[in-house]
2 protein chains.
Amino acid sequence: MIVALTGGTGGAKLVEGLAAVVDPSQLLIICNTGDDCVFHGLHVSPDIDTITYTLAGLSDTEKGWGIKGDTFAAMEHLGRLGNDIWFNLGDRDLATHITRTRLFREERKLSEITEQIRRALGVTATILPMSDDRIETRVQTAAGEISFQEFFVKERWAPDVRAVRFVGAEQSRPAPGVLEAIRRAEAIIVCPSNPITSIGPILAVPGIRAALEQIEAPVVGVSPIIGAAAISGPAHKLLRTAGWQASALGVARCYRGFLDNFMIAAEDESIAAEIQSLGIETRCANIRMTSLADKRRLATEVLAWATK
Amino acid sequence: MIVALTGGTGGAKLVEGLAAVVDPSQLLIICNTGDDCVFHGLHVSPDIDTITYTLAGLSDTEKGWGIKGDTFAAMEHLGRLGNDIWFNLGDRDLATHITRTRLFREERKLSEITEQIRRALGVTATILPMSDDRIETRVQTAAGEISFQEFFVKERWAPDVRAVRFVGAEQSRPAPGVLEAIRRAEAIIVCPSNPITSIGPILAVPGIRAALEQIEAPVVGVSPIIGAAAISGPAHKLLRTAGWQASALGVARCYRGFLDNFMIAAEDESIAAEIQSLGIETRCANIRMTSLADKRRLATEVLAWATK
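Residues numbered from 1 in each chain as written. Chains lettered and ligands numbered in written order. Predicted model: local features only at pLDDT ≥ 70, side-chain atom pairs only at ≥ 80, totals over all residues. Heavy atoms only, no water.

As for the overall build of chain A
Within chain A one finds 13 helices and 14 strands. Here chain A has a C-alpha radius of gyration of 18 Å; the compact-globule value for 308 residues is 19 Å, and the two agree. On the principal axes, the C-alpha backbone points of chain A span a range of 55 × 45 × 40 Å. Evaluated residue by residue, chain A yields a buried proportion of 59% over its 308 residues. Sequence separation of at least 24 residues holds for 66% of the intrachain contacts in chain A that already meet a minimum separation of 6. When the accessible surface of chain A is split by element, carbon and sulfur atoms take 48% of a total near 11900 Å². For chain A, the centre of its 32 positive side-chain charges and the centre of its 37 negative side-chain charges are spaced 1 Å apart. (Helix = DSSP H or I, 4+ residues; strand = E, 2+ residues; numbered from the N terminus. Rg over C-alpha atoms; globule rule 2.2 N^0.38 Å. Buried < 20%, exposed > 50% of the residue type's maximum accessible area, 1.4 Å probe, protein only. Contact = heavy atoms within 4.5 Å. Areas by Shrake-Rupley, 256 points an atom, 1.4 Å probe, with all protein chains shown as cover. Lys, Arg positive; Asp, Glu negative; His and termini not counted. Charge placed at Lys NZ, Arg CZ, Asp CG, Glu CD.)

Structure follows, in structure tokens:
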């Protein structure tokens, strides 16, 4: 089994590539749930949904979220009814959140719900939330503490960030199957997701980081940073807040202790040796994924390196 | 104040007419809530919604339910996710149910929610649920007891009906303002709705029928039946089940004790005298409402009779 740790947008690109080159029944994705939010009383799991839609061939790869060709009639009417609609949800996407919310009311666990939805959408790969317990990524800004979605979507990641914390992480347990998957994996892929707010919450669930440190199987990461900036989103900004350098080196330091191999951008060749000195084997490659061909190529390279 | 008692489809036509000929700030609608149902975890109040959309100029008058031009993308995706989708809900309509459900979770009453939604949609007339308490119309068939929506929509009112009951009615109280509105009304209009399952639940709320019987103001009804059949829906069938004749006379007998004036179809002139003998003043008119002109004309006639 190939196990991938991921958040939404950036990670989803590599997940799409992996699904194209690995037998999907041999692919298991562990998803961040720290960004999960309740909008209009509906439980939204943005990263799980992005990964599920990606694997179902439904994702809107241009926007990086939601369902391709989705409409927004309900959202427009929600606005008309006086609801605050800064978080945009398509009509088809809403059906997912309506279903998840109903299943939560029926006392079902997020892992069971995720399984049911991915099967209904014909996804063969396994998708696991990092935990069935509620873990909420909170972002401290000068104006107060806000949710990750408020920071990322509503505020367009503009505010200065003082700290990030994962409320509920300490008391949480990995979702059923997460530790077993890590321990039995042929290889672990750490997708090019935000190390602080996408991979960070996964590592904050007690037992997951330790399991990654203990396994024999290779752990291969792909950098979400080129030069001093994230390929997309605020990873560089949040790395600095957390005291890391905004670079592939900073990411490598974040993952030190469990990361064996790290794929960085060709542009970052100058810092490869320094990453190597952390005991992390480093390779330079074209890590930008624009087309499906890019995603396949990178996934193939990562897998070849991981399973050599 | 003109007060109208109504269900959905049939009653909504006269309500539309009334709103066109009465100052809407002087119009108060008391709606049946016995058909309310939970679909996909969302609280749907079909009659309140039909009346609200009608008064907001949003209703799909061709279908008789939902919002004009609504799309069904969420419903299609709900089906794909394995949900049972026999009750069709449009995308814009879903926004109403999502909003209502969230407000219920915030401990708001149906009457408050109805008020908030109608104001958001620019409706000037007042819309009151018959009660803030849950009252559920249940239909007993040979195959067991089902909800009204299961009978009406899923089974297309085909099963033989043994009985109808309003679960929760005995312990219910009229919503705030309902009894006051009836007592202060200049006239009460009983819309051409199903006497058993639309007006019936309203009359089953303790205190409402008594208030109608006690007031001095005229209570004017419009027959939902022409000849031996309802203009739309299963009113004739349910009248028979309840032991009444399937005719305007049967409806008049249902309402005996509080109905002062009854507008029946010109086709039913032969039974006018028999209705008169119940102590109900009876007039024949064209009670079919196809166009907005029909609705206005009938509303004008009814009001003229009620306020003469």
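Observations concerning the nonpolar core
A:Leu14, A:Ile189 and B:Leu14 are the most contacted members of the largest nonpolar core, which totals 110 residues. In this structure B:Leu14 touches B:Ile189, B:Cys191, B:Pro192, B:Val222, B:Met289, B:Leu298 and B:Ala299, once residues within four positions along its chain are discounted. (Core = buried A, V, L, I, M, F, W, Y, C linked by side-chain atoms within 4.5 Å.)

What about the pairing of strand E1 (residues 2-6) of chain A?
Residue and element names in this part refer to chain A. When you tally the buried positions in E1, you get five out of five residues, the bulk of the element. Alternating residues of E1 divide into Ile-2, Ala-4 and Thr-6 and Val-3 and Leu-5, and every residue in both groups is buried. Looking at chain direction, E1 and strand E9 (residues 187-190) are connected through four bridges and run parallel. When the sheet's bridge partners are listed, Leu-5 is paired in E9 with Val-190. One ladder, built from five bridges, connects E1 with strand E2 (residues 27-31); its direction is parallel. Considered in E2, the bridge of Leu-5 is made with Ile-30. With helix H1 (residues 9-21) bridging E1 and its parallel neighbour E2, the resulting β-α-β unit is right-handed. (Pairing = 2+ DSSP bridges. Right-handed = clockwise from strand over helix to strand, strands pointing away.)

What to know about the relation of the copies chain A and chain B
Once chain A is rotated about the relating axis by 180 degrees and shifted along it by 0.0 Å, it coincides with chain B to within an RMSD of 0.0 Å. On the angle and the small slide along the axis, the relation comes out as a two-fold axis. Across chain A, the rotation axis passes nearest the C-alpha of A:Asp91, at a separation of 3.2 Å. Most of the interface of chain A is mirrored in chain B, where 100% of its interface residues again form contacts. (Least-squares fit on C-alpha atoms with pLDDT ≥ 70 in both.)

Digging into helix H11 (residues 248-255) of chain A
All names here are of chain A. Across the eight residues of H11, seven count as buried, placing the element largely inside the fold. If you check which residues of H11 are buried, you get Ala-248, Leu-249, Gly-250, Val-251, Ala-252, Cys-254 and Tyr-255. The opening residue of H11, the one whose side-chain oxygen lies 3.2 Å from the backbone nitrogen of Leu-249, is Ser-247. In the segment just after H11, Gly-257 is the residue with positive phi, at about 110 degrees. (Polar contact = N/O pair within 3.5 Å; in protein donor to acceptor, adjacent residues only side chain to side chain.)

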